[in-house]
Amino acid sequence: ADTIAAHILSPSLALWYIRAGRAADAEALLANAESFWSTRTASSDQWLRDIRALAAAARLRKHLDAVRAVPKPAQPSQQLRDAVTGGLAVARDMLGGYPKPERGAPIPRLLWELTSEAGGKPARKSQYRRSITQIRVRSTQVFCAGIFLGFLNFDVAPPIFLVPV
């Protein structure tokens with residue numbers, strides 16, 4: 001179908017296809033979606049970014065499936081290894097284009113999973129670790145400040161639930 005509604009829903013279907021191991025079907029849907037939306041939106045539009053990121057994920061998924069299909073004693077061809085390496089670089093680049101608050105969304109999460117499966121380190125992984133550490137430190141500081149303020153608000157002693165164990 002060549003309706004706007006169909007083209008809006010096709011990237012969602014493509015995401016499901018990628019997760020279901022049907023990367024070739026996803027690639028076809030995404031190629032149609034990208035050609036449709038590239039004439040109707042600006043090249044910097046986030047919708048196109050998402051479609052292109054899904055297309056990169058579909059290509060990487062297809063290459064990873066091809067590597068998995070190679071019998072165990074044999075090694076994948078150099079051409080296939082190069083395709084995975086190239087797909088990994090594109091997926092990392094796409095993942096790096098998502099702002100931090102959006103990285104838990106389905107498309108960046110899919111890119112993260114595929115780059116991890118491909119054996120590469122996803123873009124900005126150290127920043128993720130650093131932010132988790134900062135969150136832990138900040139939450140501990142807030143908890144301690146809450147306990148201190150709790151002492152200030154009580155004449156005798158704070159209730160038992162404010163005392164850390």
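This report concerns the structure included in the present document. Bear in mind the structure is a predicted one, so any value in this text is a computation, not a measurement. (Residues numbered from 1 in each chain as written. Predicted model: local features only at pLDDT ≥ 70, side-chain atom pairs only at ≥ 80, totals over all residues. Heavy atoms only, no water.)

Looking now at helix 2 (residues 23-38). For helix 2, which comprises 16 residues, the first-to-last C-alpha distance of 21 Å matches the rise-based estimate of 22 Å (1.5 Å per residue) to within 8%. Listed as buried for helix 2 are Ala23, Ala26, Glu27, Leu30, Ala33, Phe36 and Trp37. Elements that come into contact with the buried residues of helix 2 comprise helix 1 (4-19) and helix 3 (46-69). (Helix = DSSP H or I, 4+ residues; strand = E, 2+ residues; numbered from the N terminus. Expected span 1.5 Å × (residues − 1). Buried < 20%, exposed > 50% of the residue type's maximum accessible area, 1.4 Å probe, protein only. Contact = heavy atoms within 4.5 Å.)

The full count for this structure, using the stated rule, is 10 salt bridges. The salt bridge partner of aspartate 50 is arginine 49, with a shortest N-O separation of 3.4 Å. Between arginine 61 and aspartate 65 there is a salt bridge, and its shortest N-O distance comes to 3.2 Å. Highlighted residues: arginine 61 and aspartate 65, both in helix 3, separated by four residues, approximately one helical turn. (Salt bridge = Lys/Arg side-chain N within 4 Å of Asp/Glu carboxyl O.)

Following the criterion strictly, the structure yields two aromatic pairs and no others. Relative to tryptophan 37, the ring of phenylalanine 36 lies with its centre 5.1 Å away and its plane at 90 degrees, an arrangement referred to as edge-to-face. We note that phenylalanine 36, like tryptophan 37, is buried. Ring plane angle 85 degrees and centroid distance 6.0 Å describe the contact between tryptophan 37 and tryptophan 47, whose orientation is recorded as edge-to-face. (Phe/Tyr/Trp six-rings, centres within 6.5 Å; stacked < 30°, edge-to-face > 60°.)

This part covers the packing of helix 1 against helix 2. For the pair helix 1 and helix 2, interaxial distance at closest approach is 8 Å and the crossing angle is 150 degrees. Comparing their axes, helix 2 and helix 1 come out roughly antiparallel. As for the relative orientation of helix 1 and helix 2, their crossing is left-handed in sense. Seen from helix 1, the contacting residues are Ile4, His7, Ile8, Ser10, Pro11, Leu13, Ala14, Tyr17 and Ile18; seen from helix 2, they are Ala23, Asp25, Ala26, Leu29, Leu30, Asn32, Ala33, Phe36 and Trp37. Here the residues of the contact of helix 1 with helix 2 sort into 14 nonpolar, three polar and one charged. (Axes fitted to C-alpha atoms, helices over the stretch in contact; angles between N-to-C directions. Parallel < 35°, antiparallel > 145°, perpendicular 65-115°, else oblique. Left-handed = near helix turned anticlockwise from the far one by under 90°. Nonpolar A, V, L, I, M, F, W, Y, C, P; charged D, E, K, R; others polar.)

Further remarks concern a nonpolar patch on the surface. On the surface, Ile4, Ile8 and Leu9 cluster together into a nonpolar patch covering about 290 Å² of accessible area. Mapped onto the elements, isoleucine 4 comes out in helix 1. (Patch = residues over 30% accessible without salt bridge, like charges linked within 9 Å, V, L, I, M, F, W, Y side chains within 5 Å. Areas by Shrake-Rupley, 256 points an atom, 1.4 Å probe, with all protein chains shown as cover.)

With that settled, consider the packing of helix 4 (residues 78-96) against helix 5 (residues 106-117). Where helix 4 contacts helix 5, the axes come no closer than 9 Å and their chain directions differ by 145 degrees. The way helix 4 lies across helix 5 gives a crossing that is left-handed. Residues Leu88, Ala91, Arg92, Met94 and Leu95 of helix 4 form the contact with helix 5, whose participating residues are Pro108, Leu111, Trp112 and Thr115. Residue composition of the contact of helix 4 with helix 5, grouped by class: seven nonpolar, one polar and one charged.

Note that all results are geometric; they support no functional claim without further evidence.
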